[in-house]
Amino acid sequence: IDSLPKKSDYGQPQIFPEAKVEVPETQPSEHVGFKIRAKKIGEAWLQAIQIIMKFCALKDSQRGEKQTEVMELMISVTDEDPENISWKEYFNFTQEDLEKYYPQVLSPQALDVKYTYVSRLMNYHSVDQIRCIIDELKKAPHSRRAVAVLWDVEKDSKSEDPPCFNLLQALIQNNKLFLIMYIRSNDMYDAWPRNAFGLRKLQKKIATAVGC
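Residue positions are given per chain, counting from 1 as you read along its sequence in written order. Local features are withheld for residues below a pLDDT of 70 in this predicted model, meaning they are given only at 70 or higher, and side-chain atom pairs are given and counted only at 80 or more; totals for whole chains, interfaces and linings count all residues. To obtain the side-chain values, all non-hydrogen atoms of the structure were used and water was disregarded.

1. Quick look at the pattern of salt bridges
Now for step 1: Here a salt bridge means any side-chain nitrogen of Lys or Arg lying within 4 Å of a carboxyl oxygen belonging to Asp or Glu. All told, the structure shown has nine salt bridges when counted by the stated rule.
Now for step 2: In this structure, the salt-bridge partner of lysine 59 is glutamate 69, at a minimum N-O distance of 3.1 Å. Pair noted here: lysine 59 is in strand E2 (residues 57-59) and glutamate 69 is in strand E3 (residues 67-69), with a separation of ten residues, a long-range link.
Now for step 3: Three labels apply to residues, based on accessible area from a 1.4 Å probe with only protein chains included: buried if under 20% of the type maximum, exposed if over 50%, partly exposed otherwise in between. A relative accessible area of 31% means that glutamate 69 is categorised as partly exposed.
Now for step 4: With its nearest N and O atoms 3.3 Å apart, the salt bridge here joins glutamate 83 to lysine 201. In this pair, glutamate 83 sits in the loop between strand E4 (71-77) and helix H2 (95-101) while lysine 201 sits in helix H7 (residues 192-210), placing the two residues 118 residues apart along the sequence.
Now for step 5: For glutamate 83, a relative accessible area of 53% puts it in the exposed group. Each helix corresponds to a stretch of at least 4 residues labelled H or I by DSSP, and each strand to a stretch of at least 2 residues labelled E; elements are numbered beginning at the N terminus.

So, in structure tokens, the structure goes:
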């Protein structure tokens, strides 16, 4: 190297600043089709929160605030006994709060709220859809017609506060009753555990009535 001829500089000195490392708002994902399977509602809830924190999109909302969203989050709870629930200390509600919530899903009595899911399920244009589901499955356990709808097109298409629960289906396989609820929008940080406990109780009510 020392023997090589010296040449002039090919350019002026330049300063290259260090790149700023920014924490991304969300991690890469396929955006749709997230799946959670857990034995207990509390376990499923933690997994759901983790998925939202990792893969959410930050969006505006019709309530004037920013919200995080994941699409097509499917949660399957397999072993939660609605009569002897697995209580977690990290739930952000009390067992008394939960007992007050149950009538919104299970009791036909009138409550002092704008609407209840039970009014849509058990008195939808004077039709008790839960009774219809039970009768249908008693008649034909293989039926795929045991369906209840909660979206009232005439009212909810213009409502500022439409129901989050939209479509419920009960299916029997191998003498086990599966309850499927499509929820168009669900507050996972607050409402979902109570929703899940209420649906689990409803599932047991239907299963007991049908005999599976």
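2. Some details on the side chain of aspartate 156
Now for step 1: For aspartate 156, the position within the fold is in helix H6 (residues 153-156).
Now for step 2: Residue contacts for aspartate 156: discarding those within four places in its chain leaves Arg120, Leu150, Trp151, Pro162 and Pro163. Residues count as neighbours in contact if any of their non-hydrogen atoms are within 4.5 Å of one another.

3. Describing the sheet that holds strand E7 (residues 176-183)
Remark on secondary structure: sheet strands pair via backbone hydrogen bonds, oriented parallel or antiparallel.
Now for step 1: For two strands to be treated as a pair, DSSP must find no fewer than two bridges joining them. Spatial ordering of the open sheet is given by E5-E6-E7, a layout of three strands whose pairing is antiparallel. Each having just a single partner strand, strand E5 (147-149) and E7 make up the two edges of the open sheet. On average, each strand axis in the sheet is inclined to that of its neighbour by 10 degrees, with strand direction left out of account.
Now for step 2: Summarising the sheet, E5 and strand E6 (residues 165-173) pair through three bridges and their orientation is antiparallel. If you follow valine 149 over to E6, its bridge partner there is leucine 167. Between N-to-C directions, angles span 0 to 180 degrees; the directions come from axes that are lines fitted to C-alpha atoms, helices contributing only their stretch in contact.

4. Digging into the packing of helix H5 (residues 129-139) against H7
For any two helices packed against each other, the geometry is given by the interaxial angle and the distance between the axes.
Now for step 1: For the pair H5 and H7, interaxial distance at closest approach is 9 Å and the crossing angle is 40 degrees. Between H5 and H7, the angle is such that the two are oblique. Crossing of H5 over H7 shows right-handed handedness. Facing H5, whose interface residues are Ile130, Ile133, Ile134, Leu137 and Lys138, H7 presents Leu202, Ile206, Ala209 and Val210.
Now for step 2: Class assignment of the residues belonging to the contact of H5 with H7 gives a composition of eight nonpolar, no polar and one charged. What sets the label is the angle itself: under 35 degrees gives roughly parallel, over 145 gives roughly antiparallel, 65 to 115 gives roughly perpendicular, and the rest give oblique. In this scheme the handedness of a crossing depends on how the near helix is turned from the far one: anticlockwise by less than a right angle means left-handed, clockwise means right-handed. In this classification, the charged set is Asp, Glu, Lys and Arg, the nonpolar set is Ala, Val, Leu, Ile, Met, Phe, Trp, Tyr, Cys and Pro, and all remaining amino acids, among them Gly, are polar.

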